[in-house]
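# Observations on the model geometry
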Amino acid sequence: MPGRTARLLDEVDRRLLDALVRDGRASIRTLAERIHISRTNAYARVERLVREGVITGFRAQVAPEPAGLGTSAYISLTIEQNTWREVSARLAQVRYLEHAALLGGDYDVLALVRAPDNATLRDVVLNQVQSIPGVLSTRTWLVFDEFDGVRSPWT
């Protein structure tokens, strides 16, 4: 909710978030055992974190290559001033676009695309993204390898 002051997370909240990020399918009982709190406390805290919008959902993490998406790239976009809403609405409809963010810096938008192959990536960039009204230019960086950090921001 805009204008609302964020509630500070305490140590137990952060440990709960860390456990859920590592295993979003963990039961309340398992969470409670892992962080040494009662099941009632774990349930109430998870419910509160969901209600307050700290936890926005639970989903599977999919490895792109085994799932048939062997080509990944970051695409930077330069857009016309004041077109973010329109451009983001159109980007949200582009198949294979996994994530996009409005930036401050040399580029206006950074998008992550995961496609089955280079031909599909080319189509996404040249035919879909570059045809969006308000997009002035793009730049593409192929991803050769990737990894997640080993440290959770919640602990």
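In the block above lies the structure referred to throughout.
Bear in mind that the values here come from a model prediction, so they are computed numbers and not experimental data.

### A closer look at the pattern of salt bridges
Counted by the stated rule, this structure contains 10 salt bridges. Of the charged contacts in the structure, one is a salt bridge between Arg48 and Glu52, with a shortest N-O distance of 3.5 Å. Relative accessible area serves as the criterion here: at 26%, Glu52 is assigned to the partly exposed category. Arg114 is paired through a salt bridge with Glu98; the nearest N and O atoms lie 2.7 Å apart. With Arg114 in strand S3 (residues 109-115) and Glu98 in strand S2 (residues 97-102), the pair connects residues that are 16 residues apart, well separated along the chain. For Arg114, a relative accessible area of 9% puts it in the buried group. Each of Asp10, Asp13, Arg45, Arg48 and Glu52 takes part in a single network of salt bridges with overlapping partners.

### A look at unusual backbone geometry
Unusually for a residue other than glycine, Asn82 sits at a positive phi of about 70°. With respect to the secondary-structure elements, Asn82 resides in the loop between strand S1 (71-79) and helix H4 (84-91). The class for Asn82 is exposed, based on a relative accessible area of 72%. One non-glycine residue, Tyr96, lies in the positive phi region at around 80°. Within the secondary structure layout, Tyr96 lies in the loop between H4 and S2. Residue Tyr96 is classed as partly exposed on the basis of its relative accessible area, which comes to 22%.

### With respect to the side chain of Thr71
As for its position among the elements, Thr71 is in strand S1. Only 3.4 Å separates the side chain of Thr71 from the side chain of Asn118, close enough to count as a polar contact. For Thr71, the residues in contact, after removing those within four places along its chain, are Val113, Arg114, Ala115, Pro116, Asp117, Asn118, Leu121 and Leu142.

The rules behind the values
Residues numbered from 1 in each chain as written. Predicted model: local features only at pLDDT ≥ 70, side-chain atom pairs only at ≥ 80, totals over all residues. Heavy atoms only, no water. Salt bridge = Lys/Arg side-chain N within 4 Å of Asp/Glu carboxyl O. Buried < 20%, exposed > 50% of the residue type's maximum accessible area, 1.4 Å probe, protein only. Helix = DSSP H or I, 4+ residues; strand = E, 2+ residues; numbered from the N terminus. Polar contact = N/O pair within 3.5 Å; in protein donor to acceptor, adjacent residues only side chain to side chain. Contact = heavy atoms within 4.5 Å.

This is a description of form; function is not addressed.
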